[in-house]
Amino acid sequence: MGVVYRAQDLKLGRQVALKVLPAGSSDNQEAIERFKREARTASALNHPNICTIYGFDEHEGQLYLAMELLDGEPLDSKLSGRPLDMRLMLEIAAQVADALDAAHTEGILHRDVKPANIFITRRGSVKVLDFGLAKLSPEYRRSRRHLDASHETRIEEHFTSMAGTTVGTIAYMSPEQARGDEVDPRTDLFSFGVVLYEMATGRPSFPGSTTAVVFDGILNRDPVPPSSLNTSIPGEFDRIVSKALEKDRSLRYQTAADLGADLKRLRRDSASRQGVIPAAASAISPDAATVVLPSGSQVAVGSGAGLGVGVVIIAAIAAGVGTYVANRGGESTVTELAQQAAVTPTPLVESPAVNTANPAAPPPAPAAPPAVAPAAIAKPTAPVNGTATARPTGTAPATAKPAAKPVAPAPAPVVSRDAEAMQRLEVARAKVANNLNDQALVDLKQIMVDYPGSRAGAEAALLSAELYEKVGRTDDAMAALVEFESRNAGDRRTADSKLRRAMMLGRVRQPRAQFQARELLGEIVREFPGTPQANAALNTKLKIETDRKNLKEIDPVLKVDVPAVMVTLRTIIEQFPETPQSMAARNRLAATLSAIDRHAEAAQTLEDLGARFPGNPMEVWFRLGEIYERRLNEPAKAKEAYAKVPQDSSRYAEAQRRLSRR
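All figures in this text were calculated on a predicted structure; none of them were measured in a lab.

K.L.:
Outline the confidence of the model for the protein chain, supporting the account with residue identities and numerical values.
P.N.:
Looking at the protein chain as a whole, its pLDDT mean stands at 75, while 72% of the residues score no less than 70. Predicted confidence in the protein chain is weakest over helix H11 (residues 279-282), with a mean pLDDT of 35, and strongest over helix H6 (residues 185-201), with 95. A low-confidence stretch, residues 140-167 stays under pLDDT 50, and its non-local contacts, those more than four residues away or across chains, total 63 contacts. Long-range and interchain partners of residues 276-361, a stretch whose pLDDT sits below 50, account for 79 contacts in this model, where long-range means more than four residues apart.

Pasting the structure below:
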């Protein structure tokens, strides 16, 4: 979007950041309009968590934007694939929510909320940057309270170039943004939810190596809860993120203020849990201990002047026994109480008394605790008027019930092998989330050995491949994927495995590796047609064939040798006929056909494109008119095509001029 310099304001003597368009952008009208948009929208906002705009001007034909100079780092640098501390994460998140709330209150949508546009200063304050993709919301456009919305530059919401580039950053788009629908403030809240997920886990919520895979995740899949990847995350944070990432925006957070309130409440509650000391514990000395009674209540005991530990513990147990029995509403044996509390009784020794007449004198030796026969241990009777009384067990009345037998502890629940395997896999994932990669690899290898053919074993193989690739051990990563494919034939994730292998091969700039990658991508397209993996494979194959223009194939329609890219474009159109990728593929196929002088086929492709996607921004009808007029010499069809050029098209005036001369 721009180049930023550190500069000095000569009039006010202050340091500023000076943003200018990159070299070569002076003729790019779209870049200029976005630059102006950033100046207009950001300057309308005055908030401590939004970067302040000082001025916007032009010098010798160069537009520039003067803004607040910040000292710190962007959030994406701070993350670097690692989760943030919970307290820091909530502090950053609350400030970002406040900034979005301020922008939305002014009717401004950011539309590009991502870690790179969130700046953390050295003092810990947060600044939201880069309103270059901002726009006025539909409601704001009707109200016209502060800015004249009619001056807003119109840029196509979905595609901004012939290649079909989407406005915004793909990995952080909302579902409605990815579909090209009208957006409102809730689109920023979805993007913010993606950022929250990444701050909590260090991972993207919708990972993918290609646009198609990421889009499929955004539109159709829910990410795993953050707490499953980072065990320090509370369940309430899972709920907040889940609500922010709702596909249906009517079920999502409706305002940034609501989302911010939940984050601040969680921050407060987390601080309370970590920093508050119970009153009973704070009233005693540091060397005190706490006894947990069967009722669940806690009693603090310590060295206390003049009171022995034994006396205090006896009193505490007596009080706890009474409360416990009162709650049970009946009799209970000491054995039962001990089992409930999971405590093994130990001899109680009173602390030595102090000689008040001669404090320097050594205290008397403690008396040995008296032996207590089991029959003399007091047990509570049923409560009378809410108060438990005690009587010796040896003097029970004739009507007393016999003592209950000790209750055997409940057997531990039996864990199935599959559940056990998944538990071990989650432990390995937690280690990965905390960058303990070597330990995680050892765990994953053992899971694959101990649970062959299981779901956990399959996922362990895939995760180990991901780790090997992350640390640059490509050969080991490829071997892990091949092993997964051989052990899990028929598994739906085989397509993902093959796709990842193809991506690794594609990055090797050698003809042999490029050939193998292309063959592997073709396998995915044939074996898994119409799937997101096939879509991703086609897009990757398209990139390889674009880079290597000498690749040729027999076109199934023309029956002649053509650039291989044409065959791939036809496959995209065939397998994904109603998608945005199909629209871009038809447009490119028409251009490629014209380049090899197959103008009739190019015209037919454009006709089909215009009929299927009437709202496209590709000037289809004007281009079609030119082909009919200049290449095929069909003036009637040319006139018909020119007449279909929409009024908001940049070629509308030219189309009308050509119509008028006929």
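Once you've had a look at it, read on.
K.L.:
Explain the nonpolar core to me, using residue names and the numbers behind them.
P.N.:
Ranked by internal contacts, the top residues of the largest apolar core, which has 76 residues, are Leu425, Leu444, Leu606, Leu609 and Leu624. Broken down by element, the residue count for this core peaks at 9 residues, all from helix H16 (residues 455-470). When residues no more than four places from it in sequence are discounted, the contact partners of Leu624 are Ala603, Leu606, Glu607 and Ala641. Listed in part, the 63 residues of the second largest apolar core include Ala42, Met89, Phe131 and Leu266.

K.L.:
Give me the sheet that holds strand S7 (residues 118-121): which residues, what numbers.
P.N.:
With antiparallel pairing, 3 strands are arranged side by side in an open sheet as S5-S7-S8. Each end of this open sheet is capped by a strand with a single partner; those strands are strand S5 (72-74) and strand S8 (126-128). Along the sheet, successive strands turn relative to each other by an average axial angle of 25°, direction set aside. By the bridge criterion, 3 bridges tie S7 to S8 in an arrangement that is antiparallel. Paired with Ile118 across the two strands is Val128, which belongs to S8. On top of the sheet, helix H3 (residues 86-105) reaches S7 and S8; it is set at about 40° to S8, its chief contact.

K.L.:
Break down the packing of helix H23 (residues 599-612) against helix H24 (residues 620-631) for me, citing the residues and quoting the values.
P.N.:
As a packed pair, H23 and H24 sit with axes 10 Å apart at the nearest point and diverge in direction by 155°. When the axes of H23 and H24 are compared, the pair comes out roughly antiparallel. The way H23 lies across H24 gives a crossing that is left-handed. Residues His599, Ala602, Ala603, Leu606, Glu607, Leu609, Gly610 and Ala611 of H23 pack against Val620, Trp621, Arg623, Leu624, Ile627, Tyr628 and Arg631 of H24. Of the residues that constitute the contact of H23 with H24, the class distribution is 10 nonpolar, 2 polar and 3 charged.

K.L.:
Explain the pattern of salt bridges to me, using residue names and the numbers behind them.
P.N.:
Across all of its chains, the model carries 43 salt bridges by this definition. For Arg14, the salt bridge identified is with Asp9, shortest N-O distance 3.5 Å. The exposure class assigned to Arg14 is partly exposed, which follows from its relative accessible area of 29%. With a shortest N-O distance of 3.4 Å, Glu626 and Arg658 are connected by a salt bridge. Residue Glu626 is located in helix H24, and its partner Arg658 is located in helix H26 (residues 652-660); the two are separated by 32 residues in the primary sequence. With a relative accessible area of 22%, Glu626 lands in the partly exposed category. The exposure class of Arg658 is buried, given its relative accessible area of 5%. Salt bridges sharing partners connect three or more residues here, namely Glu626, Glu629, Arg630, Glu654, Arg657 and Arg658.

Definitions and cut-offs
- Residues numbered from 1 in each chain as written.
- Predicted model: local features only at pLDDT ≥ 70, side-chain atom pairs only at ≥ 80, totals over all residues.
- Heavy atoms only, no water.
- pLDDT = per-residue confidence, 0-100.
- Helix = DSSP H or I, 4+ residues; strand = E, 2+ residues; numbered from the N terminus.
- Contact = heavy atoms within 4.5 Å.
- Core = buried A, V, L, I, M, F, W, Y, C linked by side-chain atoms within 4.5 Å.
- Buried < 20%, exposed > 50% of the residue type's maximum accessible area, 1.4 Å probe, protein only.
- Pairing = 2+ DSSP bridges.
- Axes fitted to C-alpha atoms, helices over the stretch in contact; angles between N-to-C directions.
- Parallel < 35°, antiparallel > 145°, perpendicular 65-115°, else oblique.
- Left-handed = near helix turned anticlockwise from the far one by under 90°.
- Nonpolar A, V, L, I, M, F, W, Y, C, P; charged D, E, K, R; others polar.
- Salt bridge = Lys/Arg side-chain N within 4 Å of Asp/Glu carboxyl O.

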